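Structural description and commentary
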Amino acid sequence: MPTPTSGSSLACFVPLNLDTEGRAGLTLYSARPNRFDADAVSRAEAYGRRILKPLRIAARLASREEQSSDLRAAMESRTTIDLAMGIVMGQNRCGQDEAFTILRSACSRRNIKLRDLAALLVASVGERAPRTHFDF
């Protein structure tokens, strides 16, 4: 059975500015006492500067991918909501603003999200779920 090691630990934290909403830092640990002298800290900072550019690129790519995914989901739900508003407009012989008010009111009464109610409405009228322009 291993015995616990005695001694001290020290962490050296090097902050890395990613130029995005994300944050990063390089943290080094050692179980040996007095491991991080001025030279070790200087080398850790130099290493942090070397890896900063690829980390920034990775953070930007991840951020853009997330934004793209969010925008796509918003556009897809927007198509369904627009179709549902058209259905309500046709059924109630009303304008777009009134149709939106009717849908929003129905959402409040049923405690359901607008995109979900719109999808139910469109599916009840059509043969299948609506397709967005992304699907063509």
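Residues numbered from 1 in each chain as written. Predicted model: local features only at pLDDT ≥ 70, side-chain atom pairs only at ≥ 80, totals over all residues. Heavy atoms only, no water.

1. Brief notes about the pattern of salt bridges
Enumeration according to the criterion identifies two salt bridges in this entry. The shortest N-O distance in the salt bridge between Asp39 and Arg43 comes to 3.4 Å. Of the two residues, Asp39 and Arg43 both sit in helix α1 (residues 38-92), four residues apart, roughly one turn of that helix. Here Asp39 falls in the partly exposed class, since its relative accessible area comes to 45%. Under the relative-accessibility criterion, Arg43 is labelled exposed at 53%. Note that Asp82 and Arg78 form a salt bridge whose closest N and O atoms lie 2.9 Å from each other. Of this pair, Asp82 and Arg78 both sit in helix α1, separated by four residues, roughly a single helical turn. (Salt bridge = Lys/Arg side-chain N within 4 Å of Asp/Glu carboxyl O. Helix = DSSP H or I, 4+ residues; strand = E, 2+ residues; numbered from the N terminus. Buried < 20%, exposed > 50% of the residue type's maximum accessible area, 1.4 Å probe, protein only.)

2. Here we look at the packing of α1 against helix α3 (residues 114-125)
Viewed as axis vectors pointing N to C, α1 and α3 meet at an angle of 60 degrees, and their least axial separation amounts to 8 Å. The orientation of α1 relative to α3 falls into the category oblique. As for how α1 packs across α3, the hand of that crossing is left-handed. Contacts from Ser77, Thr80, Ile81, Leu83, Ala84, Ile87 and Val88 of α1 reach α3 at Leu114, Arg115, Ala118, Ala119, Leu121, Val122 and Val125. (Axes fitted to C-alpha atoms, helices over the stretch in contact; angles between N-to-C directions. Parallel < 35°, antiparallel > 145°, perpendicular 65-115°, else oblique. Left-handed = near helix turned anticlockwise from the far one by under 90°. Contact = heavy atoms within 4.5 Å.)

3. Regarding helix α2 (residues 96-110)
End to end, α2 covers 21 Å across 15 residues, agreeing with the expected 21 Å (1.5 Å per residue, within 8%). For α2, the set of buried residues is Ala99, Leu103, Ala106 and Cys107. Seen end-on, α2 carries its buried residues on one side only, within an arc spanning 105 degrees. Turned more than 90 degrees off the buried face of α2, the exposed positions are Asp97, Ser108 and Arg109. Elements that come into contact with the buried residues of α2 comprise α1 and α3. Just beyond α2, the residue with positive phi is Asn111, at close to 55 degrees. (Expected span 1.5 Å × (residues − 1). Arc of directions from axis to C-beta.)

4. Section: the confidence of the model for the chain
Here the chain shows a mean pLDDT of 80. Residues at 70 or above account for 82%. Per-element confidence in the chain is highest for α2, whose mean pLDDT is 93, and lowest for strand β1 (residues 10-16), whose mean pLDDT is 63. Predicted confidence is poor over residues 1-10, with pLDDT under 50, and the contacts of this stretch with residues over four places away or in other chains come to 10 contacts. (pLDDT = per-residue confidence, 0-100.)

5. Points about the nonpolar core
Core analysis: the largest hydrophobic core is formed by 14 residues, its most contacted members being Ala84, Val88, Ala99, Leu103, Leu117 and Leu121. When contributions to this core are tallied by element, the ones reaching two or more residues are α1, α2 and α3. At five residues, α1 tops the list of elements feeding residues into this core. Residues in contact with Ala99, not counting those within four places in the same chain, are Met85, Val88, Met89 and Cys94. (Core = buried A, V, L, I, M, F, W, Y, C linked by side-chain atoms within 4.5 Å.)

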